Amino acid sequence: RTLALKMAPLRRSSTLRLTGLLCLSFLVFFSRGFASHDVVSEKSSGTIQEDSHSQANSTAHKKTFPVLSFNYEHVRTPFEISLWILLALFMKLGFHIIPTVSHIVPESCLLIFVGLLVGGIIKATGEQPPVLDSNLFFLYLLPPIILDAGYFLPMRSFTENIGTILMFAVVGTLWNVFFIGGMMYAVCQIDAAELAHVDLLSCLLFGSIISAVDPVSVLAVFEEIHINELLHILVFGESLLNDAVTVVLYHLFKEFAHEQTITVTGAILGVISFFVVSLGGVMVGVIYGIVGAFTSRFTSYSRVIEPLFVFLYSYMAYLSAEIFHLSGIMSLIACGVIMRPYVEANISHKSYTTVKYFLKMWSSVSDTLIFIFLGVSTVAGPHTWNWIFVIFTVIFCLVSRVLGVIGLTAFINKFRIVKLTKKDQFIIAYGGLRGAIAFSLGFLLDNDEIKNLFLTAIITVIFFTVFVQGMTIRPLVELLAVKKKKESKESINEEIHTQFLDHLLTGIEDICGHYGHHHWKDKLNRFNKTYVKRWLIAGERSTEPQLISFYNKMELKQAMMMVESGSAAKLPTIVSTVSIRNVPTKGAPKPSRAISKSREEEIRRLLRANLQKTRQRLRSYSRYELLNDPLEDNISEARFRKQREMERRVMTEPLEIEPKCNKGVYQTVRGLSILHQNRFRTH
């Protein structure tokens, strides 16, 4: 037994070695026997041979099993997409790590330069550099940027300046299209330009492509210089809303250029198409926004999928508008604006944070890729360089922008309370940047000869506006001492005074009998509170006063900032039951000093009754339609008689007053008495 126990480990080791050798031999046999590709036998012209020996010979040549294989074509597309995104992230990270570069060169300029460098390296290796395809741009890269801008659009500034924005977006774009198109047609008639084959319709088509201000370039430059909110919303709002004008004119002139004729019917249909494209895009966005808000009422059962509804409904709104050639940009903006207040009231705070940071990340990556692809596409070519056409294109773009802003501002300032100064006009004119939208529209042209000529001029204008104007706008803003954006924290005090002024101005408009901006805004808010909120917001949040909702949002933001900064220990132990309504409370301990339900409902009832008491129960009236009060008849009659007596004395005894004072004082007293009489009669 002792010998057997001593020999047991040796047997086990020999058994393991034998097992290992058997496994290795089996692996070699398996790799040689089963992992090879059969050689395909040639097809015989006659009948199939039935000899088994010949069939065995046809499969005799076999390959060994590949332990390590290489198949790049299988993963080429997703691998290259990942490399491009990784390159964009590294460029963005490096731009912010080196502060000296960010203060001198805008981020968009640096990204275009990186694109030029990458495109040159790719072309030097003998490969064809990728081009910014129109489908790639319009369907995948542009929507995240527009959704981020529309979802977080400052609605108060946008609605207060909507008239000015529409003037610049519609009238200004029309002026730029016809001015640039007409002047470039005149340039093409010069013999030295050698462009006699370019007709008027082609020049107008080129004007419709190059005239629109690009929202991607405006966002990239204006967010870095921190311009004040008024100028930012004017230029950025123009770049968003001129999409409808650009789309209609582009398709209209492209059709006219194809048929080589302009008809009155076509022009009338073009005007109708503008309203259809713009209003139709807005309606599509509103419908998807309402459906998305209504869907968020029921997402409390599965909080994980809440952000997906926001992204998918917005993207579906954009694609649905593009199906019917409507304005996808306006559809996306309308969807984000309509959806945001109701969705934020329904989804959890974690979902809100996910939506916010994912949109910022997605738009930032798309913005970076767009500028890199612009640089790469410039290297890819082909280009048709014409000095006269390119130089005059840059000059006329600048001249038309300056003349359009000056002319429209002179008209707009007659109706604005806050006038646009000369400095504001300069920044608006200088901030009219062009970008990837113009390049993508030019890439869709059919005629290769004109297409290459137009693309070369478009790229030159994009580079001039982004590099020259983008790099010099920061020192010009500092030189002209233009007012910059103030980073101020929101406060309850500011919100109370803002609402107070809104209600005060609404009441003044009602008394004056003028149905202006504040009157219709108040009507819309009352309709939203009475009907829309009850259908689109779940729970008690639908009847919550606006000020309480604002306080809850500020409370949540402050708590999130404290948690992110690592000072969670400073948070109060008693958390408001109102501020955490959207957070699931399964398994959470109840606060020890929580107020009772009856007391909470009593506080809510008092706040709803007294916090925002507007003129809802008061009858609207104006100074021209005052009702007679029977209790004041006697008092009014006595005042009227006293006033008539004073007027009679002044009119019949001028000689007693005139010697005691000079002529100016006498005329002043008499004028005041007549004015007081007229006012009394009016009342």
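Only a predicted model underlies this, so the values are computations on that prediction, with no experimental measurement involved. (Residues numbered from 1 in each chain as written. Predicted model: local features only at pLDDT ≥ 70, side-chain atom pairs only at ≥ 80, totals over all residues. Heavy atoms only, no water.)

### Quick notes on the overall build of the protein
Thinking step 1. Within the protein, the secondary structure is distributed over 27 helices and 0 strands.
Thinking step 2. Counting only residues that meet the buried cut, the protein has 39% of its 683 residues in that class.
Thinking step 3. Surface accessibility of the protein: about 41600 Å² in total, with carbon and sulfur atoms responsible for 65%. (Helix = DSSP H or I, 4+ residues; strand = E, 2+ residues; numbered from the N terminus. Buried < 20%, exposed > 50% of the residue type's maximum accessible area, 1.4 Å probe, protein only. Areas by Shrake-Rupley, 256 points an atom, 1.4 Å probe, with all protein chains shown as cover.)

### Description of the environment of Glu-229
Thinking step 1. Structurally, Glu-229 can be placed in helix α11 (residues 229-241).
Thinking step 2. Not counting residues within four places of it along the chain, the set of residues in contact with Glu-229 comprises Pro-154 and Ser-157.
Thinking step 3. Side-chain polar atoms of Glu-229 contact the side chain of Ser-157, separated by 3.2 Å. (Contact = heavy atoms within 4.5 Å. Polar contact = N/O pair within 3.5 Å; in protein donor to acceptor, adjacent residues only side chain to side chain.)

### As for the packing of aromatic side chains
Thinking step 1. Scanning the model with the defined rule gives 23 aromatic pairs in all.
Thinking step 2. Plain terms: the ring middles of Phe-137 and Phe-138 are 5.0 Å apart, the flat faces sit at 75° to each other, and that makes the pair edge-to-face. Phe-138 matches Phe-137 in its accessibility class, with the two residues each being buried.
Thinking step 3. The structure contains a cluster of three or more aromatic residues connected by ring pairs, namely Trp-175, Phe-179, Phe-392 and Phe-396.
Thinking step 4. Directly above the ring of Phe-443 sits Lys-451, whose terminal nitrogen or CZ lies 4.4 Å from the centroid. (Phe/Tyr/Trp six-rings, centres within 6.5 Å; stacked < 30°, edge-to-face > 60°. Lys NZ or Arg CZ within 6 Å of the ring centre and 35° of its normal.)

### As for helix α21 (residues 492-512)
Thinking step 1. Compared with an ideal rise of 1.5 Å per residue, which puts 21 residues at 30 Å, α21 spans 30 Å between its outermost C-alpha atoms and is within 8% of the ideal.
Thinking step 2. Of the residues making up α21, those classed as buried are Glu-495, Gln-499, Asp-502, Thr-506, Glu-509 and Asp-510. Across the axial projection of α21, the buried residues extend over an arc of 105°, all falling on one side. (Expected span 1.5 Å × (residues − 1). Arc of directions from axis to C-beta.)

### Some points on the confidence of the model for the protein
Thinking step 1. The share of residues in the protein with pLDDT of 70 or more is 73%, and the mean pLDDT across the chain is 76.
Thinking step 2. This stretch, residues 654-661, has a pLDDT under 50; its non-local contacts, to residues over four places away or in other chains, come to 3 contacts. (pLDDT = per-residue confidence, 0-100.)

### Digging into the pattern of salt bridges
Pairs can form between side chains of opposite charge once their charged atoms are near each other.
Thinking step 1. Following the criterion strictly, the structure yields 10 salt bridges and no others.
Thinking step 2. A salt bridge links Arg-303 to Glu-306; the nearest nitrogen and oxygen atoms lie 2.6 Å apart. Taken as a pair, Arg-303 and Glu-306 share a single burial class, namely buried. (Salt bridge = Lys/Arg side-chain N within 4 Å of Asp/Glu carboxyl O.)

### Quick look at the environment of Leu-308
Thinking step 1. Within the secondary structure, Leu-308 is located in helix α14 (residues 306-323).
Thinking step 2. Given the relative accessible area of 47%, Leu-308 is considered partly exposed.

### Quick look at the nonpolar core
Thinking step 1. By size, the foremost hydrophobic cluster in this structure holds 122 residues, and its most contacted members are Phe-137, Leu-142 and Phe-389.
Thinking step 2. Each residue touching Phe-389, except ones within four places of it in the same chain, is listed here: Met-184, Cys-188, Leu-195, Phe-206, Leu-453, Phe-454 and Ala-457.
Thinking step 3. In terms of nonpolar packing, the next biggest core, distinct from the first, is built from 5 residues, Ala-293, Tyr-342, Ala-345 and Leu-536 among them. (Core = buried A, V, L, I, M, F, W, Y, C linked by side-chain atoms within 4.5 Å.)

### Thoughts on a nonpolar patch on the surface
Thinking step 1. On the surface, Val-75, Phe-79, Ile-81, Leu-83, Ile-85, Leu-86, Leu-89, Phe-90, Leu-93, Ile-97 and Ile-98 cluster together into a nonpolar patch covering about 990 Å² of accessible area.
Thinking step 2. Its relative accessible area of 44% is what places Phe-79 among the partly exposed residues. (Patch = residues over 30% accessible without salt bridge, like charges linked within 9 Å, V, L, I, M, F, W, Y side chains within 5 Å.)

### Here's the deal with the side chain of Ser-348
Thinking step 1. When you line up the elements, Ser-348 lands in the loop between α15 (328-346) and α16 (349-380).
Thinking step 2. Taking relative accessible area as the criterion, Ser-348 reaches 6% and is therefore assigned buried.
Thinking step 3. Among the polar contacts made by the side chain of Ser-348, one reaches the side chain of Ser-351 at a distance of 3.0 Å.

### Considerations on the packing of α11 against helix α18 (residues 422-430)
Thinking step 1. Between α11 and α18, the shortest axis-to-axis distance is 10 Å and the interhelical angle comes to 35°. As for how α11 packs across α18, the hand of that crossing is right-handed. Listed contacts from α18 to Leu-231, Leu-234 and Val-235 of α11 are Asp-424, Ile-427 and Ile-428.
Thinking step 2. Classifying every residue of the contact of α11 with α18 by side-chain character gives 5 nonpolar, no polar and 1 charged. (Axes fitted to C-alpha atoms, helices over the stretch in contact; angles between N-to-C directions. Left-handed = near helix turned anticlockwise from the far one by under 90°. Nonpolar A, V, L, I, M, F, W, Y, C, P; charged D, E, K, R; others polar.)

### Things to note about the state of the cysteines
Thinking step 1. Scanning the model with the defined rule gives 0 disulfides in all.
Thinking step 2. Counting only cysteine sulfurs, Cys-188 is the nearest neighbor of Cys-203, a cysteine outside any disulfide, at a range of 4.0 Å.
Thinking step 3. Accessibility expressed as a relative area gives 2% for Cys-203, which makes it buried. (Disulfide = S-S within 2.5 Å.)

### What to know about the side chain of Asp-214
Thinking step 1. Along the chain, Asp-214 falls in the loop between α9 (200-210) and α10 (215-225).
Thinking step 2. Buried within the structure, Asp-214 lacks any salt-bridge partner; its nearest side chain of opposite charge belongs to Arg-434, at an N-O separation of 9.0 Å.
Thinking step 3. A distance of 3.0 Å separates a polar atom in the side chain of Asp-214 from the backbone nitrogen of Ser-217.
Thinking step 4. Discounting chain neighbours no more than four positions away, the residues touching Asp-214 are Ser-239, Leu-433, Arg-434, Gly-435, Ala-436 and Ile-437. (Lys, Arg positive; Asp, Glu negative; His and termini not counted.)

### A closer look at helix α3 (residues 76-97)
Thinking step 1. Spanning 22 residues, α3 covers 31 Å between terminal C-alpha atoms, matching the ideal 32 Å at 1.5 Å per step.
Thinking step 2. Three or more residues of α3 are buried, namely Trp-84, Ala-88, Lys-92 and Phe-95. End-on view of α3: buried residues confined to an arc of 70°, all on one side of the axis. What points out from α3, more than 90 degrees from its buried face, is the exposed set Phe-90 and Ile-97.

### Focus on the environment of Leu-89
Thinking step 1. Among the structural elements, Leu-89 can be located in helix α3.
Thinking step 2. The class of Leu-89 is partly exposed, set by a relative accessible area of 41%.
Thinking step 3. Taking the C-alpha atoms as reference points, Leu-89 and Leu-369, 280 residues apart in sequence, are found 9.2 Å from one another.

### Observations regarding unusual backbone geometry
Trans peptide bonds make up the majority, and among non-glycine residues the majority have a negative phi.
Thinking step 1. One non-glycine residue with positive phi stands out, namely His-325, at about 55°.
Thinking step 2. When you line up the elements, His-325 lands in the loop between α14 and α15.
Thinking step 3. Phi at Ala-481 takes a positive value of approximately 55°, unusual for a residue other than glycine.
Thinking step 4. With respect to the helices and strands, the residue Ala-481 is situated in the loop between α20 (448-480) and α21.

### A short note on the packing of α10 against α16
Thinking step 1. Relative to each other, α10 and α16 sit at 110°, their axes nearing to 11 Å. Relative to α16, the element α10 lies roughly perpendicular. Note on element contacts: α16 touches α10 through Asp-367, Ile-370 and Phe-371, opposite Val-216, Ser-217 and Ala-220.
Thinking step 2. For the contact of α10 with α16, a count of residues per class yields 4 nonpolar, 1 polar and 1 charged. (Parallel < 35°, antiparallel > 145°, perpendicular 65-115°, else oblique.)

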